[in-house]
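The primary structure of each chain is shown beneath.
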Amino acid sequence: MNVVVCVKQIPDPAVPGELDPQTHWLKREGKLILDDSDAYGVEMALQLATAAGGGDVTLVSMAPNGETSGLRTALAMGAANAILVSDESLKGSDALSTAKVLAAAIKRANPDLVITATEATDGYTGTVPEQVAALLGLPSITFAKKIETADGKVKVERQTEAGYDEVEAPLPAVVSVTAGVVEPRYPSFKGIMAAKSKPVDTLTVADLGLEGQVGAANARQEIISVTPAEERQAGEIIEDDGEGFQKIVAFLESKKVI
Amino acid sequence: MDFTESEEHALLRDAVAKVARGFGHEYFQEKTNSGGKTDELWDALGELGFLGVGIPEAYGGGGGGISELAIVCEEVAAAGCPLLLILVSAAISAEVINRFGTEEQKQAWLPGLAGTEKMVFAITEPDAGSNSHNVATVARRDGDVYRVSGTKTYISGVDEAPRMLTVVRTGTDTATGHAQLSLLVIDTDAPGLERSLIPVEIKAPEKQFTLFFDNVEVPADRLIGDEGDGLRQVFFGLNPERITGATIANGVARYALERAAAYARDREVWGVPIGSHQGVAHPLAQAKIEVELARLMTAKAAWLHDHDADRKAAGEAANMAKYAAAEAGLHALDAAIQAHGGNGMASEYGLADLWGMMRLLRIAPVSREMVLNYISTTSLGLPKSY
């Protein structure tokens, strides 16, 4: 079974992010790393391919400046190859443009299953997986906390607020996975050395036939203004006179937490 | 000259850091204080092939060198878990066996060392510290065995390893009176071998022992390389030991500075973070510079050792790296403790407990004074005093 995993390479979340003052786009000039939330999808894909008796895990990513650092991390974990779409004209793409690019790249790999994270850790739109599925005309299952494949079907336990739904779809399908679906492995030294020589197919917008359909000019959204988040206020201090717990309970009730 | 870290080195550094930071200094402290061992961390590193990065692929290793091992060793220490046994097991024992062992010996021991097994190293004796010519632990050939008698001291981790690479005297050079040395791989549970714990003020899970060999029988096929050629072979393993020793100091220094900088950014006493006071900031900045210089020399020393180009340059760089790393490390840890004020002494802040380890690195694996002797004579051509 061949699985495609959509992976995003993002600025290191440990370093405070910066927005371009003119465009309000996230600055993505430095070295990018594999989004941690995608490590779960890569691990899931590797496990599913093994359980199915073999097949390749292909990474699909869109990133500026031909960035491959994050892809190498996932290749070191065991993915077989990667398709990277990198093109100056993709700057300022909105979620739908991103989905168009990913969908066109995924088609080339012709997979049995597509796995994504629920959302990226830098953008948090959380719409790309469903858009990719729609563009590919494939069933979409979101928020998977457990995935099995058998007999041409994917069976998913889908996280809900109350518990989980058991859902099933014919393959190929697009499934977004939550953090915690599986514990991602650490790359071994052999994996790291092997990753060096694994193929990364770098494509442009023209290669995908998407000229004039993506990028800032075709974005259907524009960031008008950005306001800093409100500064956190100092908390309320309550002296415990033996009845302090009641105040905690009252506070939690007022917030409808309990 | 390219100082950009290669993609695979960066990946290795990142992967090791992730594994080791999953354990962290609290784990290290907990194991130390309870008398436990850091087996879970060691095994996690070994299973991913990180302890065997320098062992050839033919024997189950990663096919890298000391440069890769230095990255592993530093990142583990930078996570607050300085593992001294990497020095004796992966750096000395594995390097020496790989370089001088027979095919059978390599097949027998390297695959284990490429995984989670340890092999410790015994050279120091009560009457032969830095002067290896005085080694008095004697191995006498008796048919197809050696019989070993004598005493070794400050031998680390004997309780954690099934075997140890041991420096023994197999003869005496009649002209100089110097010992003719050989290397034997001896089982740590061999009959006639007793050990006694040396209480030390280093807070680490690894323990040091004095060993008493009373006519210990060692099969002759446990001899590494040629009989009498041990000193040259040991010297080959000492550079990796110095380099990895430097990485322990560099790693702990990075850990301490990371902690101190975070503390100095957050802690406010007069309404501003204490890190905005130059009296706090400058000692940390100075330590940062010294540590980065030491790391640079350490990386150079590892590169020279791996490329096997210029033995003299490799020896000089390994000694300089070890010296610089220990001095910079002590300054860094001291500055980090000072920046914490009284908290610097609290166990919770995880700094002062590393002082014994860092102070040890000024003495071992080679003392500051022996490094200065070496540089005086080798690099500056000054006369030898001993």
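Definitions and limits used
- Residues numbered from 1 in each chain as written.
- Chains lettered and ligands numbered in written order.
- Predicted model: local features only at pLDDT ≥ 70, side-chain atom pairs only at ≥ 80, totals over all residues.
- Heavy atoms only, no water.
- Patch = residues over 30% accessible without salt bridge, like charges linked within 9 Å, V, L, I, M, F, W, Y side chains within 5 Å.
- Areas by Shrake-Rupley, 256 points an atom, 1.4 Å probe, with all protein chains shown as cover.
- Salt bridge = Lys/Arg side-chain N within 4 Å of Asp/Glu carboxyl O.
- Lys, Arg positive; Asp, Glu negative; His and termini not counted.
- Charge placed at Lys NZ, Arg CZ, Asp CG, Glu CD.
- Helix = DSSP H or I, 4+ residues; strand = E, 2+ residues; numbered from the N terminus.
- Contact = heavy atoms within 4.5 Å.
- Buried area = accessible area lost by both parts, 1.4 Å probe.
- Polar contact = N/O pair within 3.5 Å; in protein donor to acceptor, adjacent residues only side chain to side chain.
- Nonpolar A, V, L, I, M, F, W, Y, C, P; charged D, E, K, R; others polar.
- Pairing = 2+ DSSP bridges.
- Axes fitted to C-alpha atoms, helices over the stretch in contact; angles between N-to-C directions.
- pLDDT = per-residue confidence, 0-100.
- Domains from an automatic or database assignment.
- Core = buried A, V, L, I, M, F, W, Y, C linked by side-chain atoms within 4.5 Å.
- Buried < 20%, exposed > 50% of the residue type's maximum accessible area, 1.4 Å probe, protein only.

## Let's talk about a negative patch on the surface
Piece 1. Negative charge collects at one region of the surface, where Glu239, Asp240, Asp241 and Glu243 of chain A lie side by side.
Piece 2. For Asp241 of chain A, the location among the structural elements is in the loop between strand 11 (200-203) and helix 6 (244-254).

## Things to note about the interface of chain B and chain A
Piece 1. Taken together, the contacts link 17 residues of chain B with 15 residues of chain A.
Piece 2. Summing the contributions of chain B and of chain A, the shared interface buries around 1300 Å²; its carbon and sulfur component is 68%.
Piece 3. Interface area lost by chain B to chain A is led by Glu7, Glu8 and Leu11 of chain B, which between them contribute 40%.
Piece 4. Put simply, chain B and chain A have 2 salt bridges between them.
Piece 5. Taken together, the links from chain B to chain A amount to 5 residue pairs in polar contact (both at pLDDT 80 or more).
Piece 6. Of all the elements, helix 1 (residues 7-34) of chain B adds the most residues to the side of chain B that touches chain A, at 8 residues.
Piece 7. Residue classes in the side of chain B that touches chain A are distributed as 8 nonpolar, 5 polar and 4 charged.

## Focus: the sheet that holds strand 11 of chain A
Pairing between the strands of a sheet is mediated by backbone hydrogen bonds and can be parallel or antiparallel.
Residues and elements named next belong to chain A.
Piece 1. Within the open sheet, the 9 strands sit side by side as 9-8-7-10-6-1-4-5-11. Their pairing is mixed. What marks the edges here is a single partner per strand, and that holds for strand 9 (164-170) and strand 11. Neighbour-to-neighbour, the strand axes of this sheet turn through a mean angle of 30 degrees, independent of strand direction.
Piece 2. Most of the contacts of helix 1 (residues 36-51) go to strand 6 (residues 113-117), to which it runs at about 155 degrees, and overall it touches strand 1 (3-6), strand 4 (57-62), strand 6, strand 7 (140-150) and strand 10 (173-177).

## Structural notes on the confidence of the model for chain B
Piece 1. Mean pLDDT over chain B works out to 96, with 100% of the residues at or above the 70 mark.
Piece 2. Interface scoring of the predicted complex returns ipTM 0.89; its pTM is 0.90.

## Describing the domain arrangement of chain B
Residues and elements named next belong to chain B.
Piece 1. The assigned domain composition of chain B is domain 1 (7-118), domain 2 (120-227) and domain 3 (231-379).
Piece 2. Each of domain 1 and domain 2 has a C-alpha centre, and these two points are 23 Å apart.
Piece 3. Contact with domain 2 buries surface across domain 1, with Lys37, Trp109 and Lys118 losing the most and accounting together for 30% of the total.
Piece 4. Residue Lys37 pairs with Glu160 through a salt bridge whose shortest N-O separation is 3.7 Å.
Piece 5. Of all elements in the fold, only helix 1, helix 4 (85-100) and helix 5 (103-114) reach the threshold of two or more residues within the side of domain 1 that touches domain 2.

## As for the environment of Leu304 of chain B
Residues and elements named next belong to chain B.
Piece 1. Looking at the element boundaries, Leu304 is found in helix 7 (residues 278-307).
Piece 2. For the pair Leu304 and Gly315, spaced 11 residues apart in sequence, the C-alpha separation works out to 8.8 Å.
Piece 3. For Leu304, the contacting residues outside a window of four places in its chain are Ala309, Ala313, Ala314 and Ala317.

## Let's talk about the nonpolar core
Piece 1. In this structure, Leu59 and Ile147 of chain A together with Phe50 of chain B are the most contacted members of the largest nonpolar core, which totals 161 residues.
Piece 2. It is helix 6 (residues 230-266) of chain B that contributes the most residues to this core, 15 residues altogether.
Piece 3. For Leu59 of chain A, the contacting residues outside a window of four places in its chain are Val5, Val7, Val42, Leu71, Ala74, Leu75, Ala79, Asn81, Ala82 and Ile83 of chain A.
Piece 4. Among the nonpolar cores identified, the runner-up in size contains 26 residues, and Val128, Val132, Leu136 and Leu210 of chain A belong to it.

## Examining the environment of Thr73 of chain A
Piece 1. Position of Thr73 of chain A among the secondary structure elements: in helix 2 (residues 69-77).
Piece 2. Residues Thr73 of chain A and Ile33 of chain A, spaced 40 residues apart in sequence, show a C-alpha to C-alpha distance of 8.1 Å.

## Focus: a nonpolar patch on the surface
Piece 1. On the surface, Leu19, Trp25, Ile223 and Val226 of chain A cluster together into a nonpolar patch covering about 320 Å² of accessible area.
Piece 2. Among the residues examined, Leu19 of chain A registers a relative accessible area of 40% and is labelled partly exposed.

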